[in-house]
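Fold and geometry: a report
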Amino acid sequence: MTASNVGHLIRRQRGLARRSQMDLAHEIGISPRHLSFVELGKSKPSADVLMKIAQHLDLPLRERNDWLLAAGYAPRYPETPLTESALSRVRASLQALLDTHDPFPGIAIDRQWNIQLSNRAARRLVSGIPKDVLGVPANVFRMALHPAGLAGRTRNFPQWSAYLLRRLDRAVVRTQDPCLAALADEIATWPAIPERHTWSRLSSDEADDPVLSWRLELDGEELSMFTMLSTFGTPMDVTLSDLSIELFFPADEQTETILRRRA
């Protein structure tokens, strides 16, 4: 039963990664026949083989634990809340990075795009948005796409929302997270949001721009910013594996001047 469960997970992830059985088997040092038997549930992989497959498919630590459990093994990676003392140094370093980025917005988000840490510039951007729109914890997709959130202030909403909806669609497919799926279903009912089945094909193209900018109106002034996402290079904890840092940068001199003045 467990071999069948984990075989299904491997086959699904390999399909998402668009990898052939033969190539993947050769990379991890097993025969394609053995990998086929594992995916069909006819053979139970060892924990080491399972983790080699997960590594070559670039599987996040949370899903690696899920695979181990599905195969009847104990999870290998801890999941420590960011508020725990064991992660205090990491948390302090992340907050220092965000604070250094001020007066430009910066946030730390988990795999559901809930905001775990932020700097003052980011908090200034969302001031005045109702708490029920922000969510608890505040969620980037919710605040950016809700009509009572930042959607009404976003000058290039069709392009910016397309970027966010593609991200959300990929996250739902990759993680199979029921909370993300429920959020996606809710967002699909909001005004100016395209039909759910089109999200993966939405385009954010803007002529001649090297990077898509978010154009946001704030108290009668227009800001133009682009975003950069970064992750931990060597996480060994599920919480850190799920965490990303999103930093916003001014796309023009006017935006930089406004943000520095507002600080």
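You'll find the protein chain entered in an unreviewed UniProt entry as Transcriptional regulator, with Planotetraspora mira given as the organism.

As a further point, take the overall build of the protein chain. Scanning the protein chain from terminus to terminus reveals 13 helices and five strands. Put simply, the protein chain has 263 residues, and 49% of those count as buried. Counting contacts in the protein chain only where the partners sit at least 6 residues apart, residues at least 24 apart contribute 60% of the total. For the protein chain, the exposed surface amounts to about 13600 Å²; the carbon and sulfur share of it is 51%. Considering the protein chain, the positive charge centre built from 32 side chains and the negative charge centre built from 32 side chains are found 6 Å apart.

One key point about sheets: their strands pair by backbone hydrogen bonds, in either a parallel or an antiparallel sense. Here five strands make up an open sheet; going across it, the order is β2-β1-β5-β4-β3 and the pairing antiparallel. Each having just a single partner strand, β2 (115–118) and β3 (214–218) make up the two edges of the open sheet. When the angles between neighbouring strand axes are averaged without regard to direction, this sheet yields 30°. Along the sheet face, helix α6 (residues 88–101) touches β1 (106–109), β2 and β5 (244–250) and points at about 10° away from the line of β5.

Ranked by internal contacts, the top residues of the largest apolar core, which has 42 residues, are Phe141, Leu145 and Ile187. It is helix α10 (residues 157–175) that provides the largest number of residues to this core, a total of eight residues. Counting 23 residues, the second-largest nonpolar core is a separate cluster that includes Leu24, Ala25, Leu57 and Ala70.

By the secondary structure assignment, Asp209 is in the loop between α11 (178–187) and β3. The sequence separation of Asp209 and Ser36 amounts to 173 residues, and the corresponding C-alpha distance is 46 Å.

On to the side chain of Asn139, then. For Asn139, the position within the fold is in the loop between α8 (131–134) and α9 (140–145). Among the polar contacts made by the side chain of Asn139, one reaches the main-chain carbonyl oxygen of Trp113 at a distance of 3.4 Å. Excluding residues that lie within four positions of it along the chain, Asn139 makes contacts with Gln112, Trp113, Asn114, Leu134 and Leu183.

What follows deals with the environment of Gln176. Its location among the elements puts Gln176 in the loop between α10 and α11. Linking Gln176 and Asp23, residues 153 residues apart in sequence, is a C-alpha distance of 26 Å. Excluding its chain neighbours within four sequence positions, the residues that come into contact with Gln176 are Arg12 and Ala171. Looking at Gln176, its side chain comes within polar contact range of the main-chain oxygen of Val173, at 2.9 Å.

What follows deals with the packing of α10 against α11. Close contact between α10 and α11 brings their axes to 9 Å; oriented N to C, the two are set at 145°. Crossing geometry of α10 relative to α11 is assigned as left-handed. Facing α10, whose interface residues are Leu165, Leu168, Ala171, Val172 and Thr175, α11 presents Leu180, Ala181, Ala184 and Ile187. A breakdown of the residues in the contact of α10 with α11 according to their chemical character gives eight nonpolar, one polar and no charged.

Each value, and the rule that gives it
- Residues numbered from 1 in each chain as written.
- Predicted model: local features only at pLDDT ≥ 70, side-chain atom pairs only at ≥ 80, totals over all residues.
- Heavy atoms only, no water.
- Helix = DSSP H or I, 4+ residues; strand = E, 2+ residues; numbered from the N terminus.
- Buried < 20%, exposed > 50% of the residue type's maximum accessible area, 1.4 Å probe, protein only.
- Contact = heavy atoms within 4.5 Å.
- Areas by Shrake-Rupley, 256 points an atom, 1.4 Å probe, with all protein chains shown as cover.
- Lys, Arg positive; Asp, Glu negative; His and termini not counted.
- Charge placed at Lys NZ, Arg CZ, Asp CG, Glu CD.
- Pairing = 2+ DSSP bridges.
- Axes fitted to C-alpha atoms, helices over the stretch in contact; angles between N-to-C directions.
- Core = buried A, V, L, I, M, F, W, Y, C linked by side-chain atoms within 4.5 Å.
- Polar contact = N/O pair within 3.5 Å; in protein donor to acceptor, adjacent residues only side chain to side chain.
- Left-handed = near helix turned anticlockwise from the far one by under 90°.
- Nonpolar A, V, L, I, M, F, W, Y, C, P; charged D, E, K, R; others polar.

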